[in-house]
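What follows is the residue order along each chain.
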Amino acid sequence: MPACCIINCISRTDNAHKIKLFRFPKDKSIRQQWIKACRRNEKEIKINSARICSLHFANECFEMKWTMPRSTNVSATEICRLKKNSVPTMQLHVEK
């Protein structure tokens with residue numbers, strides 16, 4: 001079960017608090033900033049499966065986007081997405 005990789009953060013996918021988890025970006029320079037925010041080195045993080053939760057991003061890092069309906073019976077819905085090049089800056093030093 002995915003969990004936030006910020007040290008001492010307890011956010012997981014089973015939380016009912018509408019916390020979203022985001023994969024590390026493919027862009028190497030942005031990814032390095034995410035790794036630095038985790039206060040870990042790259043060898044300690046499995047980049048392909050690691051996540052950071054929405055609690056660590058400022059409100060300006062999010063935007064509302066409309067989904068594309070997958071069939072004619074389903075209407076489009078608006079969802080919250082992380083903006084490209086966003087970097088975690090909030091609550092990075094979580095106390096135990």
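Residues numbered from 1 in each chain as written. Predicted model: local features only at pLDDT ≥ 70, side-chain atom pairs only at ≥ 80, totals over all residues. Heavy atoms only, no water.

- Under an unreviewed UniProt entry, the name given to the chain is THAP domain-containing protein 10, and the organism recorded is Trachymyrmex cornetzi.

### A few points about the overall build of the chain
Step number 1: Within the chain, the secondary structure is distributed over one helix and four strands.
Step number 2: Mapped in sequence order, the helices and strands of the chain form the string β-α-β-β-β.
Step number 3: Based on the C-alpha atoms only, the size of the chain along its principal axes is roughly 45 × 30 × 25 Å.
Step number 4: Relative to its full complement of 96 residues, the chain shows a buried share of 33%.
Step number 5: Pairs at least 24 apart in sequence give 56% of the contacts found in the chain among residues at least 6 apart.
Step number 6: For the chain, the accessible surface area stands at approximately 7300 Å², while carbon and sulfur atoms represent 51% of it.
Step number 7: Between the averaged position of the 19 positive side-chain charges in the chain and that of its 8 negative side-chain charges there is a distance of 6 Å. (Helix = DSSP H or I, 4+ residues; strand = E, 2+ residues; numbered from the N terminus. Buried < 20%, exposed > 50% of the residue type's maximum accessible area, 1.4 Å probe, protein only. Contact = heavy atoms within 4.5 Å. Areas by Shrake-Rupley, 256 points an atom, 1.4 Å probe, with all protein chains shown as cover. Lys, Arg positive; Asp, Glu negative; His and termini not counted. Charge placed at Lys NZ, Arg CZ, Asp CG, Glu CD.)

### Considerations on the confidence of the model for the chain
Note that predicted coordinates carrying low pLDDT should not be read in detail.
Step number 1: Averaged over all residues, the pLDDT of the chain equals 87, while 95% of them reach at least 70.
Step number 2: No element of the chain has a lower mean pLDDT than strand β4 (residues 78–82), which averages 88, and none a higher one than strand β2 (residues 51–53), which averages 94. (pLDDT = per-residue confidence, 0-100.)

### Considerations on the layout of surface pockets
Step number 1: Computed from the structure, the largest pocket encloses a volume of approximately 360 Å³.
Step number 2: Of all the elements in the fold, those that place two or more residues in the lining of the largest pocket are β1 (21–23), α1 (28–38) and β4.
Step number 3: Of the voids in this model, the second largest pocket is the one considered here, and its volume is about 160 Å³.
Step number 4: Along its surface, the second largest pocket is lined by Arg 23, Phe 24, Pro 25, Lys 26, Arg 31, Ile 47 and Asn 48. (1 Å grid on protein atoms, 1.4 Å probe; cavity = no way out; pocket = protein on both sides within 12 Å on 5 of 7 lines; lining within 4 Å. Points joined across faces, edges and corners; volume = space filled by probe spheres on them.)

### A look at the nonpolar core
Step number 1: Formed by 25 residues in total, the largest nonpolar core has its most connected members in Phe 24, Trp 34, Ile 52 and Phe 57.
Step number 2: For this core, the secondary-structure elements that each account for two or more residues are β1, α1 and β2.
Step number 3: Take this core: its biggest share by element is five residues, from α1. (Core = buried A, V, L, I, M, F, W, Y, C linked by side-chain atoms within 4.5 Å.)

### Looking at the packing of aromatic side chains
Step number 1: Scanning the entire structure with this criterion turns up five aromatic pairs.
Step number 2: By way of ring pairs, the aromatic residues Phe 22, Phe 24, Trp 34, Phe 57 and Phe 62 are connected into one cluster. (Phe/Tyr/Trp six-rings, centres within 6.5 Å; stacked < 30°, edge-to-face > 60°.)

### Looking at the pattern of salt bridges
Step number 1: Within the structure shown, the criterion is met by one salt bridge.
Step number 2: When the shortest N-O distance is used, the salt bridge between Lys 65 and Glu 63 registers 3.9 Å.
Step number 3: On the accessibility criterion, Lys 65 (41% relative accessible area) is partly exposed. (Salt bridge = Lys/Arg side-chain N within 4 Å of Asp/Glu carboxyl O.)

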